[in-house]
Amino acid sequence: MSRRADERTAAELLATFGPAIGARAPGRPGADGHSARVNQRAAPRRGFTRPGYGWSPVAAPLQVYQAGTHEIGGLFPLLAASPLPAVGARMGYDVHSGGTFYLHPVEFVLRSICTNPNMVLFGEPGRGKSSTVVAFLLRMMLTGVRTLVSGDVKGEYTPLLHALGVSPILLGRGSNARLNALDLGPLAARWDTWSTDRQRDELDGVLGRWVQLLVALAEAQGYPPTVTDEAALSAVLRQLLGVHDGYTQLKPITIPEVHRMLADPDEQLWQELRFAGRRQFLDHLRSITDALANLISGPLAGLFDAATNFTVDWDAPIQSLDLSRLRTRGDQAVAVALTCLGSWSSLATDLQEDGELRIVVRDEIWRQLRLGLRAVQAVDSELRLSRAERKIQVLVSHKPGDFLSVGATGSQEVAIARDLLALCSIRVLLGQSTRVANELADVLSLSDKEQEATTGWANDRQGRALWKIENRIGLKVQTVLSRVERQIFDTNSQLVSKPNPLPSDDVSASPS
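In what follows, the accompanying structure is described. What you are looking at is a predicted structure, and each value in this text was computed from that prediction instead of being measured. Sequence order as written defines the numbering, with residues in each chain counted from 1. For a predicted model such as this one, the threshold for reporting local features is a pLDDT of at least 70, and the threshold for listing and counting side-chain atom pairs is 80 or more; totals across whole chains, interfaces and linings nevertheless cover every residue. With hydrogens and water stripped out, all remaining heavy atoms of the structure feed into the side-chain values.

Structural notes on the overall build of the protein
So, point 1. Check the secondary structure of the protein and you find 19 helices and eleven strands.
So, point 2. Pairs of residues are marked as contacts when any of their non-hydrogen atoms sit within 4.5 Å. Once local pairs closer than 6 in sequence are excluded, the contacts in the protein between residues at least 24 apart make up 72%.
So, point 3. Counting every atom, the protein has about 24800 Å² of accessible surface; 51% of that belongs to carbon and sulfur. Counting from the N terminus, the helices are the DSSP runs of H or I reaching at least four residues and the strands are the DSSP runs of E reaching at least two. Using the Shrake-Rupley algorithm and a 1.4 Å probe, accessible areas are obtained, with residue cover drawn only from the displayed protein chains.

If you want it as structure tokens, here you go:
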């Protein structure tokens with residue numbers, strides 16, 4: 001059959017958008033004598049059996065042709081698939097290619113797609129931010145990855161826990177659950193099994209975290225701690241733990257005990273810190289002593305200043321520390337609670353030696369960042385260690401301004417907060433207003449098309465987001481929820497009825 005005059009071969013078609021294909025001349029008959037067609041095999045499976053015609057792979061780089069589907073609609077089935085591997089959580093579909101979009105941050109790191117497994121999500125309320133996060137957590141459970149929600153400020157993750165048969169740990173009004181901010185966690189149980197060198201290393205790490213936590217809590221109340229304050233806190237913590245006395249077991253300690261030792265130091269303490277006398281010690285450390293006192297008698301009294309009275313089931317697919325009952329105590333109380341939980345969660349998960357990946361969700365991260373430089377440094381430290389500690393840190397916020405307003409313009413905390421975005425290789429940008437989109441474009445170096453996607457396309461439907469993986473071109477992804485998931489993730493239900501009445505046994509977990 002002769003070829004029609006207006007009919008073009010694939011080579012002729014592609015030559016319009018790039019160099020001509022040299023393998024075969026346009027219109028050249030194939031091995032079977034028929035005209036060459038796009039969907040017809042051009043050579044036998046093992047190649048032609050004559051010199052120079054055997055099978056061989058095409059040397060890289062391959063020639064790439066790019067054109068709109070309105071220009072070469074006949075090649076539509078040959079559209080490139082998503083550049084990301086089909087591994088991990090099946091989130092939805094890539095709008096451009098129509099292919100399924102999968103997400104597994106650790107696999108992305110292992111395949112050199114990105115440099116760290118951390119995620120950050122930005123989106124106005126109601127754009128599907130929480131649903132996207134919860135869908136990711138639920139679907140990653142199918143791959144064996146467990147989750148710890150380190151402070152659920154609005155109780156949005158509690159319905160998922162109930163659906164999975166897991167009871168959240170409720171802190172705040174009406175709950176008898178207590179969490180010691182200086183809890184030893186798995187450290188106490190494993191102390192005797194470690195060598196002396198391992199004990200020394202782990203103890204130095206724990207003391208460093210606790211000192212960082214205490215100075216962050218003091219700074220949140222307006223007092224900037226000095227290096228002398230940090231040295232004094234470290235000495236007090238060591239003395240309370242009993243490491244100077246040669247005990248084989250560490251003593252559990254609480255914030256009230258630290259406060260008592262600062263307010264009533266023994267002679268050994270002030271001499272060790274080279275103070276001229278007890279009076280000088282008390283005068284110099286009065287500010288940080290009073291700052292810790294406010295934690296004991298303030299709006300958070302009774303929450304983080306007593307022994308932990310619940311146990312965490314680390315074998316459960318998800319665990320959540322629900323702070324929704326703290327909202328009536330003010331933003332600062334919630335922020336301080338998030339800082340305490342962040343420190344406790346880090347220690348508890350670091351020492352879990354199950355060798356498994358774990359997702360740590362930090363919702364409403366902007367509240368914690370506004371506590372000051374120390375709080376920003378604590379988050380920065382956690383993000384930097386995520387690869388080594390096999391964690392996927394998920395930060396949830398509304399806009400980049402939440403990170404850039406943690407201090408004065410040009411301050412150290414703003415510089416560190418800005419770098420936090422660089423430590424999150426996966427950025428999920430849901431619908432935003434034009435003003436916020438300008439901030440995103442400036443901070444994340446978005447192209448004009450990407451910026452338009454966040455202000456236009458992403459605002460048209462809930463769950464739409466521009467996914468930026470490192471510096472790759474942003475992908476337009478629509479998160480898809482099942483009917484059951486929509487019922488569980490529906491945060492709008494809080495507007496029409498009181499959500500998720502909790503069973504009475506949710507108030508506290510089993511005593512430790």
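Regarding the packing of aromatic side chains
Two numbers describe a pair of aromatic rings. These are the distance of the centres and the angle of the planes.
So, point 1. Any two rings among Phe, Tyr and Trp, with Trp reduced to its six-membered ring, count as a pair given centres within 6.5 Å; such a pair is stacked if its planes are under 30 degrees apart, edge-to-face if over 60, and tilted if neither. This model, assessed by the stated rule, comprises two aromatic pairs.
So, point 2. With 5.0 Å between their ring centres and 55 degrees between their planes, phenylalanine 101 and tryptophan 467 make a pair best called tilted. In this pair, phenylalanine 101 is assigned in strand 2 (residues 100–103) and tryptophan 467 in strand 10 (residues 464–469), connecting sequence segments 366 residues apart.
So, point 3. Exposed residues in this analysis have more than 50% of their type's maximum accessible area, buried residues have under 20%, and partly exposed residues fall in between, with area computed by a 1.4 Å probe over protein chains only. Judged by its relative accessible area of 1%, phenylalanine 101 falls in the buried class.
So, point 4. Classification of tryptophan 467 as buried rests on a relative accessible area of 1%.
So, point 5. Summarising the aromatic geometry, the rings of phenylalanine 275 and phenylalanine 281 are spaced 5.3 Å apart at their centres and angled 80 degrees between planes, so their arrangement reads as edge-to-face.

A short note on the pattern of salt bridges
So, point 1. Only one rule defines a salt bridge in this text: a Lys or Arg side-chain nitrogen within 4 Å of an Asp or Glu carboxyl oxygen. Under the defined criterion, the tally for this structure stands at 17 salt bridges.
So, point 2. Here lysine 154 makes a salt bridge to glutamate 156, at a shortest N to O gap of 3.6 Å.
So, point 3. Owing to a relative accessible area of 26%, lysine 154 belongs among the partly exposed residues under this scheme.
So, point 4. One salt bridge connects arginine 435 with glutamate 439, and the closest N-O pair in it is separated by 3.4 Å. Within this pair, arginine 435 and its partner glutamate 439 are both found in helix 17 (residues 434–444), separated by four residues, close to a single helical turn.
So, point 5. Given the relative accessible area of 53%, arginine 435 is considered exposed.
So, point 6. Shared partners join several salt bridges into a network, and the residues in it are Lys154, Glu156, Glu364 and Arg367.

Observations regarding the packing of helix 6 (residues 196–219) against helix 14 (residues 373–384)
So, point 1. Contact geometry of helix 6 with helix 14 gives a least axis separation of 7 Å together with a crossing angle of 145 degrees. Listed contacts from helix 14 to Arg209, Gln212, Val215, Ala216 and Glu219 of helix 6 are Leu373, Arg374, Ala375, Gln377, Ala378 and Glu382.
So, point 2. Residue type decides the class: Asp, Glu, Lys and Arg count as charged, Ala, Val, Leu, Ile, Met, Phe, Trp, Tyr, Cys and Pro as nonpolar, and the leftover types, Gly among them, as polar. Tallied by class, residues from the contact of helix 6 with helix 14 come to five nonpolar, two polar and four charged. Axis lines are fitted through C-alpha atoms, for helices just across the contact stretch, and the angle between N-to-C directions can take any value from 0 to 180 degrees.

Describing the pairing of strand 9 (residues 426–430)
So, point 1. Across the five residues that make up strand 9, a large majority, five, are buried.
So, point 2. Here strand 9 shows two buried faces, one formed by Ile426, Val428 and Leu430 and the other by Arg427 and Leu429.
So, point 3. DSSP bridges decide pairing: two strands pair if at least two such bridges lie between them. With five bridges connecting them, strand 9 and strand 10 associate as antiparallel partners. When the bridges of strand 10 are listed, arginine 427 appears paired with lysine 468.

A closer look at empty space enclosed by the protein
So, point 1. Here a cavity denotes a set of grid points, spaced 1 Å apart and computed over the protein atoms alone, in which a 1.4 Å probe fits but from which it cannot get out, and a pocket denotes an open set meeting protein on both sides within 12 Å along at least five of seven lines; residues with an atom within 4 Å of a point are reported as lining. Grid points are joined across faces, edges and corners, and a volume is the space filled by probe spheres set on the points. Taken as a whole and assessed by the stated rule, the structure comprises three cavities of 30 Å³ or more.
So, point 2. What lines the largest cavity is simply Arg209, Gln212, Leu213, Ala216, Thr339, Gly342, Ser343, Ser346, Arg362, Gln368, Ala378 and Glu382.
So, point 3. At the level of secondary structure, the elements contributing two or more residues to the lining of the largest cavity comprise helix 6, helix 12 (331–350) and helix 14.
So, point 4. Residues that form the lining of the largest cavity fall into these classes: three nonpolar, six polar and three charged.

Re the nonpolar core
So, point 1. In this text, buried Ala, Val, Leu, Ile, Met, Phe, Trp, Tyr and Cys residues form a nonpolar core when linked through side-chain atoms within 4.5 Å. In terms of nonpolar packing, the biggest core is built from 68 residues, with Trp210, Leu233, Leu237, Val258, Phe281 and Phe304 touching the most fellow members.
So, point 2. Counting 44 residues, the second-largest nonpolar core is a separate cluster that includes Ala135, Phe136, Leu475 and Leu481.

Some points on the environment of glycine 474
So, point 1. Within the fold, glycine 474 resides in the loop between strand 10 and strand 11 (475–479).
So, point 2. For the pair glycine 474 and lysine 449, spaced 25 residues apart in sequence, the C-alpha separation works out to 9.2 Å.
So, point 3. Those residues in contact with glycine 474 that lie beyond four places of it in its chain are Glu450, Leu466, Trp467 and Lys468.

Thoughts on the packing of helix 7 (residues 227–241) against helix 8 (residues 255–263)
How two helices pack is summed up by the angle between their axes together with the distance between the axes.
So, point 1. One can describe the packing of helix 7 onto helix 8 by two numbers: an axis separation of 10 Å at closest approach and a directional angle of 115 degrees. Considering their axes alone, helix 7 and helix 8 lie roughly perpendicular with respect to each other. Seen along the crossing, helix 7 lies across helix 8 with a hand that is right-handed. Counting all contacts with helix 7, which are made through Leu233, Val236, Leu237, Gln239 and Leu240, the residues of helix 8 involved are Glu257, Val258, Met261 and Leu262.
So, point 2. Of the residues contributing to the contact of helix 7 with helix 8, the split by class is seven nonpolar, one polar and one charged. Any angle between 65 and 115 degrees counts as roughly perpendicular, while under 35 counts as roughly parallel, over 145 as roughly antiparallel, and the rest as oblique. We call a crossing left-handed when the near helix sits turned anticlockwise from the far one by less than a right angle, and right-handed when that turn is clockwise.

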